[in-house]
Structure formats: structure tokens, C-alpha cells
Amino acid sequence: MRNQTPLWQSARLGLLGVLFFAITLTFARTLFLTKPATARTENTAIELPDSIPLSDWQATDSKTIPNAGLKEPSAIQNRQYRYLKDGIPLEITLRYFPVSNGDVKPILQTFTPLLKSKSQLGLEVRRKEEIGFYGIFVEQQKAHLTSCINGRGESTFTGMQFQHNRNVHDLLSERPLLWLVGLSELRDRRCLVVHLQMPLQNRTPEQAYQLLEQAWVEWYQWWQPRFQNT
């Protein structure tokens, strides 16, 4: 009979192989440490355009807005867009966060007077197929819709949804290998927070939500591929 390799020796050889692979990758990452900062800066750069087309809506105004709620300058970019259709005004605000936990509610509470009291009507989280999650509510006689466009995966509203996207679409991709050699962050924590609002006027909340959802779907479809490829 031929001699069989003891089980403990096989396990030791396997462990040594894993350690050798890890050390090799770590060494390779060290060699590339002059590149990560540049790579990450390029990957997180984004420009909020002066105008964004929206079918059946006439663009009336676009402007940058200050980072209200923050005492110190930050990398957060903000821009507000206004549209009009059949006498109905629509306002869309973008806030770009290079690094975020993706939890939209506290973001809105920080930068706006919204969702800070019980005056809002029924904050509800909905999901639309192939788009993702978004929150809707009524406050100050206006209907609101807000969500976070992710670099990878569907849109999200809660921090848990955002983290799920990171685990599924970042960790189960090429990013861990790029991270090991210093060419990428392990997770893509960028979040493009979109906030749509319009006055109720003579509409029920559900009627207003339908108009917001139609605009949101087109807005998402315009932004998501551009944001993902940034």
C-alpha cells in the first residue's frame, strides 16, 4: 500500500497556500500604493449638470444650493431643478455624497426642515421593479418622494438596503481584488440623494404620488447609468 499523506499535513499545506496567496496580494498592493488616491479621486468625481431633460415637463430654473445644516465646508454637492407642466410645479433637489451610509431619512432631516415632527402624513417606503426603493410622504401641503441612487444595485431608502447593495454588488464583484492591490475602495459608498416635491393643490396624495413616481422613474433611468460609470 502507498503511504497516505496525514490529514493534518494536507490541512497545513492548504493553510500555507492561502497565507502565501494573501502575502502576495498584500505585497502587490504595497507596490501600487502610489495609485490608490488618484484612482479613488477619479472614481468619486461627479458633475451635477445645469439641466436635465424630463419628458412633458418644461425646465424653468436650475441652481446650486448651500449645504444648510453643516457648519464646515464639505465635499457634498447640491443642485436644485425646477419644472412646470400644465401649471403644476415640480422641484427636484440632488445631493451627492462621496461617502455615505445611504440612510435617506436622517439626510433629509439634516438638510431640510422635513421629517422632524409628526406633521408629515404616512412616510411609506415603496419599491418599483428594476428601479428600487424610495420613500413618499406629505408635509407642508406638498407631496414628497426621496431616494438614494447607488453606484451599483437598485435605489435605496434605508441604511440596511444600502448596505445590502454594498454586500451583494460590491463584495461579490471585482472590487475586492482591486482593493487588495490598492486600486479601489472595497465598497462603493457614493449616494446620490434625490428629493422630488410638488404642491398637492386639488390632488389627493396618491394622485400626486403618481406624478412624482413617473418623474422619478425617468430621472432614475437618466442618472443611474451615468452615475454607475463615473
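So, a few notes on the structure that sits alongside this text. (Residues numbered from 1 in each chain as written. Predicted model: local features only at pLDDT ≥ 70, side-chain atom pairs only at ≥ 80, totals over all residues. Heavy atoms only, no water.)

### Examining the overall build of the protein
And step 1. Counting its regular elements, the protein contains six helices and seven strands.
And step 2. From first element to last, N terminus to C terminus, the protein shows the α and β order α-α-β-β-β-α-β-β-β-α-α-β-α.
And step 3. Each of the 230 residues in the protein was classed as buried or not, and the buried ones make up 41%.
And step 4. Summarising the internal contacts of the protein: among those between residues at least 6 apart in sequence, 61% fall at separations of at least 24.
And step 5. Carbon and sulfur atoms make up 56% of the accessible area of the protein, which amounts to about 13300 Å² in all. (Helix = DSSP H or I, 4+ residues; strand = E, 2+ residues; numbered from the N terminus. Buried < 20%, exposed > 50% of the residue type's maximum accessible area, 1.4 Å probe, protein only. Contact = heavy atoms within 4.5 Å. Areas by Shrake-Rupley, 256 points an atom, 1.4 Å probe, with all protein chains shown as cover.)

### Considering the side chain of Asn150
And step 1. Mapping Asn150 onto the fold places it in strand 6 (residues 142-150).
And step 2. On the accessibility criterion, Asn150 (0% relative accessible area) is buried.
And step 3. Polar side-chain contacts of Asn150 include one of 3.1 Å to the side chain of Thr156.
And step 4. A distance of 3.0 Å separates polar atoms of two side chains, one belonging to Asn150 and the other to Asn165. (Polar contact = N/O pair within 3.5 Å; in protein donor to acceptor, adjacent residues only side chain to side chain.)

### Concerning helix 3 (residues 104-111)
And step 1. For helix 3, the full list of buried residues reads Val104, Ile107, Leu108 and Phe111. Within helix 3, the buried residues cover an arc of 95 degrees as seen down the axis, which keeps them to one side.
And step 2. Buried residues belonging to helix 3 abut strand 3 (88-97), strand 5 (132-139), strand 6 and strand 7 (191-199). (Arc of directions from axis to C-beta.)

### Some remarks on unusual backbone geometry
And step 1. Backbone geometry places Glu130, a non-glycine residue, at a positive phi of 65 degrees.
And step 2. Residue placement: Glu130 occurs in the loop between strand 4 (121-128) and strand 5.
And step 3. Unusually for a residue other than glycine, Gln201 sits at a positive phi of about 55 degrees.

### So, the environment of Gln224
And step 1. With respect to the helices and strands, the residue Gln224 is situated in helix 6 (residues 205-228).
And step 2. With relative accessibility at 12%, the residue Gln224 sits in the buried group.
And step 3. For the pair Gln224 and Gly153, spaced 71 residues apart in sequence, the C-alpha to C-alpha distance is 9.4 Å.
And step 4. Excluding residues that lie within four positions of it along the chain, Gln224 makes contacts with Ile149, Asn150, Gly151 and Gly153.

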